[in-house]
Amino acid sequence: MGHECVSSSCRWSSAPSLLTSFLQSNKMSELENTFRKFAIYGDTSASGNDMTGKNFSKMCKECGVMDGKAVTSTDIDIVFNKVKTKGARTITFAEFQQAMKELCSKRFKGKSPEEALQAVYGLIEGKEPGSVGATKATKVGGVERLTDTSKYTGSHKERFDESGKGKGLAGRQDLTDNSGYVGAYKGAGTYDQTH
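Reading the values: rules and limits
- Residues numbered from 1 in each chain as written.
- Predicted model: local features only at pLDDT ≥ 70, side-chain atom pairs only at ≥ 80, totals over all residues.
- Heavy atoms only, no water.
- Helix = DSSP H or I, 4+ residues; strand = E, 2+ residues; numbered from the N terminus.
- Buried < 20%, exposed > 50% of the residue type's maximum accessible area, 1.4 Å probe, protein only.
- Contact = heavy atoms within 4.5 Å.
- Areas by Shrake-Rupley, 256 points an atom, 1.4 Å probe, with all protein chains shown as cover.
- Polar contact = N/O pair within 3.5 Å; in protein donor to acceptor, adjacent residues only side chain to side chain.
- Core = buried A, V, L, I, M, F, W, Y, C linked by side-chain atoms within 4.5 Å.
- Salt bridge = Lys/Arg side-chain N within 4 Å of Asp/Glu carboxyl O.
- Arc of directions from axis to C-beta.
- Expected span 1.5 Å × (residues − 1).

Colleague: Where do I start with the overall build of the protein chain in this structure?
Modeller: In terms of helices and strands, the protein chain carries eight helices and four strands. Sequence-ordered secondary structure for the protein chain, helices as α and strands as β, is β-β-α-β-α-α-β-α-α-α-α-α. Sorting the 195 residues of the protein chain into buried and exposed places 23% on the buried side. Counted over contacts in the protein chain with a minimum sequence separation of 6, partners at least 24 positions apart contribute 50%. A total of about 14000 Å² of accessible surface is found on the protein chain, and carbon and sulfur atoms cover 54% of it.

Colleague: Can you walk me through the side chain of Asp 75 in this structure?
Modeller: When you line up the elements, Asp 75 lands in helix H3 (residues 73-83). Among the polar contacts made by the side chain of Asp 75, one reaches the side chain of Lys 106 at a distance of 3.0 Å. Here Asp 75 is in contact with Ala 70, Leu 103 and Lys 106, once residues within four sequence places are set aside.

Colleague: Looking at this structure, how should I read the nonpolar core?
Modeller: One broad rule of soluble globular proteins: the nonpolar side chains tend to lie buried together. Core analysis: the largest hydrophobic core is formed by 30 residues, its most contacted members being Met 51, Phe 56, Cys 60, Phe 96, Met 100, Leu 103 and Ile 124. Breaking this core down by element, the ones donating at least two residues are helix H1 (15-39), helix H2 (53-63), H3, helix H4 (93-107) and helix H5 (113-124).

Colleague: Just checking my understanding: could you explain the pattern of salt bridges for this structure?
Modeller: One side chain can pair with another of opposite charge once the charged atoms of both are near each other. Under the defined criterion, the tally for this structure stands at five salt bridges. The salt bridge partner of Arg 36 is Glu 32, with a shortest N-O separation of 3.1 Å. Linking Arg 36 with Glu 32, this pair stays in helix H1, spanning four residues, or about one helical turn. We classify Arg 36 as partly exposed; its relative accessible area is 33%. The class of Glu 32 is partly exposed, set by a relative accessible area of 27%.

Colleague: For this particular structure, what's the right way to read H3?
Modeller: For an α-helix, the turn length of 3.6 residues means that residues three or four places apart are oriented alike. Taken as a whole, H3 has its buried residues at Asp 75, Ile 76, Val 79, Phe 80 and Val 83. For H3, the buried positions fall inside an angular range of 135° around the axis, keeping them on one side. Every exposed residue of H3 that faces more than 90 degrees away from the buried side is listed here: Ile 78 and Lys 82. Taken together, the buried residues of H3 touch strand E3 (51-52), H2, strand E4 (90-91) and H4.

Colleague: Just to check I follow, could you spell out H5 for this structure?
Modeller: End to end, H5 covers 17 Å across twelve residues, agreeing with the expected 16 Å (1.5 Å per residue, within 8%). A positive backbone phi angle near 75° is found at Gly 126, which sits one or two residues after H5.

Structure, rendered in structure tokens:
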């Protein structure tokens, strides 16, 4: 392929053209890598070779291809349905490239088709789907109010001490009071003092 290695010395034949083809293939592999990341987003069984319309729309939105003015979500859906094979629900990487050729002229109107395509590829390369991983737990006002042990009343109040730490078994079981007084009687233990 124009590359010869003999022991420790390497020679490139036709270096400029090989370098540009290497850069072009590197650019394509970046683009394909991003395509695969968005293709498998939200679907654990996806192979990464085909992308659904939902993921295509998500990719265009998050990468800035869809700006809401020149390119809208309707344009994205129309182009997706135009490039996919009839009856299919997904597009391949080749069909994706065709879709980008369709969209680039709308997104970058003043540029030549090649410059516009490179500009769109520049927007997409190296991007990943947003909100990947575990869902972040948010504290809603109601949750904080419901878990504040200082506001508990009745039997639930008995389960926690003043600091909000649970008492464990002592807070859940009724411990027998053998004093002879009714539970929660305020004058307990005062009979002997008055008589």
